[in-house]
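Descriptive analysis of the structure
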Amino acid sequence: MDFALTDDQRAIQDAARAFAAAELAPHSAEWDERKHFPIETMKLAAEMGFCGIYTGEEHGGMALGRVEAALIFEELSHGDVSTAAFISIHNMATWMIDRIGSDDLRARYVPKLVTMDLIASYCLTEPGSGSDAAALRTTAKRDGDHYVLNGSKAFISGAGTSDVYVVMARTGADGPKGISTFVVDKDAPGLSFGAQERKMGWNSQPTAIVQFDDCRVPAANLLGKEGDGFRYAMMGLDGGRLNIAACSIGGARLALETAQDYVTTRKQFGKPLADFQNTQFKLADMATQLEAARLLVLRGAWALDTKHPEATKWCAMAKRFATDACFQIADEALQLHGGYGYLKDYPLERIVRDLRVHRILEGTNEIMRVITAREMLRQ
């Protein structure tokens, strides 16, 4: 057992850290305030390879593992949680097309996705099916050399701006085996978007309903085989859960560093807050939780990279623990700042708002417990 990173992994980590410090962190508060989607900055991230991290080399991806992805997303989110989270979603959608798509689909889309000349969104959740994803109602019916999609998707990051939508729709009977996956272009006839949602956090990325009204999609844009779409969606989510957990770690790390700096200078009752044992205990617990979260995420990433038979369980455990623990760390960091933590002059309130949704998306943490228990009881 070796907990040390390789030289290559350290170099990747350092590059992501430098990029986040130079291109993300200085603008994070402004993007949140203005609700600005920083496409040009994300294209700079693509030049670093961060928009095709585990996509194959054939069409321009980096072909790295999930361990390296976890390292990258921790560093990017240390600069800006919301933007890093969107890059993680883009990576998931890009990987699905590269991993499952036909040679034609891969050649048409992947080269432009890894450079972010095309932006991708992932469309599974619906207004009536969140945690019960297999109950989705969006339909896709074959009509000659097209499929006709009807229905809607909810809470879609990038909706209205993204160029490509990886969409799960029902082609068969009820249940998971009746679901297929499609690649839908933004200009597809019958595709439209709702108003932008007003959100607590993740303000540097747009979120809206995606609506399909007799939306015609070429049959060639079917991803993989009919009826396998739910399995593909879950394959994407195993890695997506690790990514969002890593994003939580980066945000929590910034919160802890900010709090540690603050308590060494802020004085109450004649001495720095850091001199009080209560503060020291809080910092110790926060640091321990952060390190435990990181180790569990890397354990899940290793399981995915090695195709371990229990990878899905490890990914669910990592996502549940890391997103819960890191939100708690950010909240404690805010508490240590007292009233100042509630002000936008400090990053704490933004980190708390951005990390809160990580306990909901990519499968709620309640569903992560369901997955973990189900896998345990199968043994």
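Just above sits the structure.
Source: prediction; values computed, not measured.

With their axes 9 Å apart at the nearest point, helix 9 (residues 311-336) and helix 11 (residues 365-378) run at an angle of 145° to one another. Seen along the crossing, helix 9 lies across helix 11 with a hand that is left-handed. Contacts from Thr-312, Lys-313, Ala-316, Met-317, Lys-319, Arg-320, Thr-323 and Asp-324 of helix 9 reach helix 11 at Asn-365, Met-368, Arg-369, Ile-371, Thr-372, Glu-375 and Met-376. Looking at the contact of helix 9 with helix 11, its residues break down into five nonpolar, four polar and six charged.

Further remarks concern the nonpolar core. Formed by 99 residues in total, the largest nonpolar core has its most connected members in Leu-76 and Tyr-122. No other element matches helix 7 (residues 229-265), which puts 17 residues into this core. If we ignore the near neighbours within four places in the chain, the residues touching Tyr-122 are Ile-89, Met-92, Met-96, Ile-156, Val-166, Met-168, Ala-233 and Leu-237. Grouped together as the second largest cluster of nonpolar side chains are 20 residues, Phe-182, Leu-191, Cys-215 and Val-217 included.

Moving on, we get to empty space enclosed by the protein. With the rule as written, the count across this model stands at two cavities of 30 Å³ or more. Approximately 60 Å³ is the volume attributed to the largest cavity. Forming the walls of the largest cavity are Ser-28, Ser-77, His-78, Gly-79, Asp-80, Val-81, Gly-251, Leu-254, Arg-350, Ile-351 and Asp-354. Elements supplying a minimum of two residues to the lining of the largest cavity: helix 4 (66-79), helix 7 and helix 10 (348-356). Counted as a void, the second largest cavity has a volume near 50 Å³. The wall of the second largest cavity is formed by Ala-70, Leu-71, Glu-74, Ala-246, Ile-249, Arg-294, Val-297 and Leu-298.

Let us now look at the layout of surface pockets. Approximately 430 Å³ is the volume found for the second largest pocket. Asp-2, Phe-3, Val-67, Leu-298 and Arg-299 are, among the 16 residues lining the second largest pocket, the residues nearest its centre. Of all the elements in the fold, those that place two or more residues in the lining of the second largest pocket are helix 1 (7-24), helix 4 and helix 8 (277-305). With six residues, the single largest contributor to the lining of the second largest pocket is helix 8. Of the residues contributing to the lining of the second largest pocket, the split by class is eight nonpolar, two polar and six charged.

As enumerated under the stated definition, the model contains 25 salt bridges in all. A salt bridge links Asp-32 to Arg-353, with the nearest nitrogen and oxygen atoms 2.8 Å apart. Residue Asp-32 is found in helix 2 (residues 28-34), and its partner Arg-353 is found in helix 10; the two are separated by 321 residues along the sequence. A relative accessible area of 7% places Asp-32 in the buried class. Residue classification places Arg-353 among the buried residues on the basis of a relative accessible area of 15%. The partner of Asp-98 in a salt bridge is Arg-106, and the shortest N-O contact between them spans 3.4 Å. A network of salt bridges, in which partner residues are shared, links Arg-17, Glu-74, Glu-75, Arg-253, Glu-257, Glu-291 and Arg-294.

With that settled, consider helix 3 (residues 39-47). Within the sequence span of helix 3, burial applies to Thr-41, Met-42, Ala-45 and Ala-46. Along the axis of helix 3, the buried residues cluster in a sector spanning 155°; they form a single face. Relative to its buried face, helix 3 has exposed residues pointing more than 90 degrees away, namely Glu-40 and Glu-47. Buried residues in helix 3 make contact with helix 1, helix 2, helix 5 (81-100) and helix 6 (103-114). Trailing helix 3 by a residue or two, Gly-49 shows a phi angle of about 95°, which is positive.

What counts as what
Residues numbered from 1 in each chain as written. Predicted model: local features only at pLDDT ≥ 70, side-chain atom pairs only at ≥ 80, totals over all residues. Heavy atoms only, no water. Axes fitted to C-alpha atoms, helices over the stretch in contact; angles between N-to-C directions. Helix = DSSP H or I, 4+ residues; strand = E, 2+ residues; numbered from the N terminus. Left-handed = near helix turned anticlockwise from the far one by under 90°. Contact = heavy atoms within 4.5 Å. Nonpolar A, V, L, I, M, F, W, Y, C, P; charged D, E, K, R; others polar. Core = buried A, V, L, I, M, F, W, Y, C linked by side-chain atoms within 4.5 Å. Buried < 20%, exposed > 50% of the residue type's maximum accessible area, 1.4 Å probe, protein only. 1 Å grid on protein atoms, 1.4 Å probe; cavity = no way out; pocket = protein on both sides within 12 Å on 5 of 7 lines; lining within 4 Å. Points joined across faces, edges and corners; volume = space filled by probe spheres on them. Salt bridge = Lys/Arg side-chain N within 4 Å of Asp/Glu carboxyl O. Arc of directions from axis to C-beta.

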